[in-house]
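Okay, here's what each chain looks like letter by letter:
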Amino acid sequence: PVTVRVASLQLHREKCAPPTPVDTVAGRIGGGIDGDSHVRKTTRSVLVVDRSTLDDLGLKPGDLREQITIEGLRNVTTLEPGTLLRVGGITLRVNGPCEPCTHIGGMLEVEDPDVFRRSLVGRRGAVCTVVEVTSVARVGDRVEVISPVATT
């Protein structure tokens, strides 16, 4: 089995500024990552992107404005809503895929932001909310995918 790990962690300190790489993050239940500008959001709190998307597009961690860059889970964008991701000591609930927007291409100063947006369809990552915190998440931590609990 493939081991999924945290490749990089980033914090958005302010809107439109490049994210700041960090080694450790703390989660806030019902929101996002402490110190991040999205910490109080309830559905688009944390963006998780697989490194393969970045590598395929010649980007570096944080370029897609993700807080958590993982490696080993190419299908993170298409995980079913309700799936849990245990990232070190932080458990995230997947709310759905992150829809690509054109302004991200503008921030990255790509030649054609719309072509860039289309290249991200189905691979921009999953938007998540922190649902449990037992400790911090660190670069190198294992990521565990927990299937959604069936409700009857």
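Anything mentioned here points back to the structure above.
Presented here is an overview of the structure given in this document. Quick caveat, the model's predicted, so the values are computed rather than measured. One numbering rule holds for all chains: residues counted from 1, following each sequence as written. Under the rules for a predicted model, residues below a pLDDT of 70 receive no local features and side-chain atom pairs below 80 are neither given nor counted, while totals for whole chains, interfaces and linings still include all residues. Hydrogen atoms and water are omitted, and side-chain values are computed over all heavy atoms in the structure.

## A word on the overall build of the protein
Labels follow the DSSP assignment, with helices taken as runs of H or I lasting at least four residues and strands as runs of E lasting at least two, numbered in each case from the N terminus. A tally of helices and strands in the protein yields three helices and ten strands. The C-alpha radius of gyration of the protein comes to 14 Å, within 12% of the 15 Å expected for a compact globule of 152 residues. Judged by the C-alpha coordinates and their principal axes, the protein covers about 45 × 30 × 30 Å. Throughout this description, buried means an accessible area under 20% of the type-specific maximum (1.4 Å probe, protein chains only), exposed means over 50%, and partly exposed covers the range between. The 152 residues of the protein split such that 44% are buried. Whether two residues are in contact is decided by their heavy atoms: any pair within 4.5 Å suffices. Long-range contacts, defined here as pairs at least 24 residues apart, represent 65% of the contacts in the protein between residues at least 6 apart. As displayed, the protein has an accessible area near 7800 Å², and 50% of this comes from carbon and sulfur atoms. Using C-alpha atoms as the atom set, the radius of gyration is obtained and then compared with a globule rule of 2.2 Å times the number of residues to the power 0.38. Shrake-Rupley sampling with a 1.4 Å probe provides the accessible areas, and residues are treated as covered by the protein chains on show and by no other component.

## Some remarks on the pairing of strand β1 (residues 4-11)
Of all eight residues in β1, seven are buried; the element is thus mostly enclosed. Strand pairing is defined by DSSP finding a minimum of two bridges between the two strands. Examined bridge by bridge, β1 and strand β10 (residues 142-146) share two bridges and lie antiparallel to one another. Opposite Val 4, over in β10, you have Val 143 as the bridge partner. Relative to strand β5 (residues 68-71), β1 is paired through four bridges, and the arrangement is antiparallel. Bridge assignment links Ser 8 to a residue of β5, and that residue is Thr 69. Where β1 meets strand β2 (residues 20-22), three bridges bridge the pair, whose relative direction is antiparallel. Across the sheet, residue Leu 9 finds its bridge partner in β2, namely Val 22.

## Examining the state of the cysteines
Two cysteine sulfurs form what is called a disulfide whenever their separation falls within 2.5 Å. On inspection of all chains with the given rule, the structure shows zero disulfides. Not engaged in a disulfide, the cysteine Cys 101 finds its nearest cysteine sulfur in Cys 98; these two sulfurs lie 6.8 Å apart. Cysteine Cys 128 is unpaired, with the sulfur of Cys 98 as its nearest cysteine sulfur at 10 Å. Exposure remark for Cys 128: the relative accessible area of 0% places this residue in the buried category.

## A closer look at the pattern of salt bridges
The term salt bridge refers to a side-chain nitrogen of Lys or Arg lying within 4 Å of a carboxyl oxygen of Asp or Glu. For the coordinates displayed, the defined rule picks out eight salt bridges. Among the ionic pairs, Asp 63 bridges to Lys 60, the shortest N-O distance being 3.3 Å. Note on Asp 63: relative accessible area 11%, which makes it buried. Glu 144 is the partner of Arg 86 in a salt bridge, and the nearest nitrogen-oxygen pair spans 3.1 Å. Of this pair, Arg 86 sits in strand β6 (residues 84-87) while Glu 144 is found in strand β10, placing the two residues 58 residues apart along the sequence. Each of the salt bridges in this network shares a partner with another, and the network as a whole consists of Asp 56, Arg 74 and Arg 123.

## Brief notes about the nonpolar core
To form a nonpolar core, buried Ala, Val, Leu, Ile, Met, Phe, Trp, Tyr and Cys residues must be joined to one another through side-chain atoms within 4.5 Å. In terms of nonpolar packing, the biggest core is built from 24 residues, with Val 48, Leu 85 and Leu 92 touching the most fellow members. Listed by contribution, the elements that provide at least two residues to this core are β1, β4 (46-50), β5, β6, β7 (90-97) and β8 (126-133). At four residues, the largest contribution of residues to this core is made by β1. Judged by nonpolar contacts, the second largest core, of ten residues, contains Leu 47, Leu 59, Ile 104 and Leu 120.

These results come straight from atomic positions and should not be treated as a statement about function.
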